[in-house]
Amino acid sequence: MSKDSERHCGAGTPLMHLVDGFLPIGGRVRATCSCGHTTTPRVDETRALAALRADHELSPPICALCGHDYTGRSWYQLRTVDLRILTDSTNGQFLACRDLPTSCLDGAAQRQMHLDRAAFEGFGLPVPAPRLRVIPGGGQ
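All values derive from a computational prediction rather than experimental measurement. (Residues numbered from 1 in each chain as written. Predicted model: local features only at pLDDT ≥ 70, side-chain atom pairs only at ≥ 80, totals over all residues. Heavy atoms only, no water.)

Sheet topology note: the strand 3 (residues 83-88)/strand 4 (residues 92-97) ladder contains six bridges and is antiparallel. Among the inter-strand pairings, Arg84 is bridged to a residue of strand 4, identified as Ala96. Between strand 3 and strand 4, which pair antiparallel and follow one another directly, the connecting turn spans three residues. (Pairing = 2+ DSSP bridges. Helix = DSSP H or I, 4+ residues; strand = E, 2+ residues; numbered from the N terminus.)

One turn of the α-helix equals 3.6 residues, which is why residues spaced by three or four share an orientation. The end-to-end C-alpha separation of helix 4 (residues 102-122) is 30 Å, in line with the 30 Å expected for 21 residues at 1.5 Å each. Where helix 4 ends, the next residue or the one after it, Gly124, has phi of about 75°, a positive value. (Expected span 1.5 Å × (residues − 1).)

A few words on the nonpolar core. One finds Met16, Leu18, Cys63, Leu65, Tyr70, Leu78, Leu83, Leu86, Leu95, Ala96, Cys97 and Cys104 forming the largest nonpolar core, which totals twelve residues. A per-element tally of this core places strand 4 first, with three residues. Apart from the residues lying within four places of it in its own chain, the contact partners of Leu18 are Thr32, Cys33, Ser34, Leu58, Ser59, Arg79, Ile85 and Leu95. Ranked by size, the runner-up nonpolar core spans nine residues in total, among them Phe22, Cys33, Leu49 and Leu52. (Core = buried A, V, L, I, M, F, W, Y, C linked by side-chain atoms within 4.5 Å. Buried < 20%, exposed > 50% of the residue type's maximum accessible area, 1.4 Å probe, protein only. Contact = heavy atoms within 4.5 Å.)

Right, dumping it as structure tokens:
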């Protein structure tokens with residue numbers, strides 16, 4: 001986490017930073033982050049969004065489970081279609097593909113397998129044989 005994020009959210013706070021939306025203030029608008037940070041009122045949404053991006057470091061839009069990169073999508077697409085913020089009791093918040101498609105779950109399982117292998121090797125323990133998963137269907 002950068003010093004800028006620590007200034008706005010507090011040191012050691014494992015929060016995700018995605019554009020959350022806009023708040024109308026009279027004839028002006030504020031951009032808000034998912035952590036609660038808001039900009040000062042701006043003339044329109046475009047300027048408020050630019051101010052939020054300049055003033056507050058946003059999290060990279062990458063799924064923590066499968067590694068899919070959603071860079072280049074609009075803030076609205078990221079928040080409503082592509083990603084969601086999940087909370088883990090040990091690691092805090094992280095981004096994951098919305099609706100956790102099979103490819104995301106398979107990617108997470110593969111990453112976990114690599115982490116397990118690295119842990120076994122790090123402790124000098126024998127690595128257990130991989131487990132096979134039976135997928136129903138297919139007839140052959």
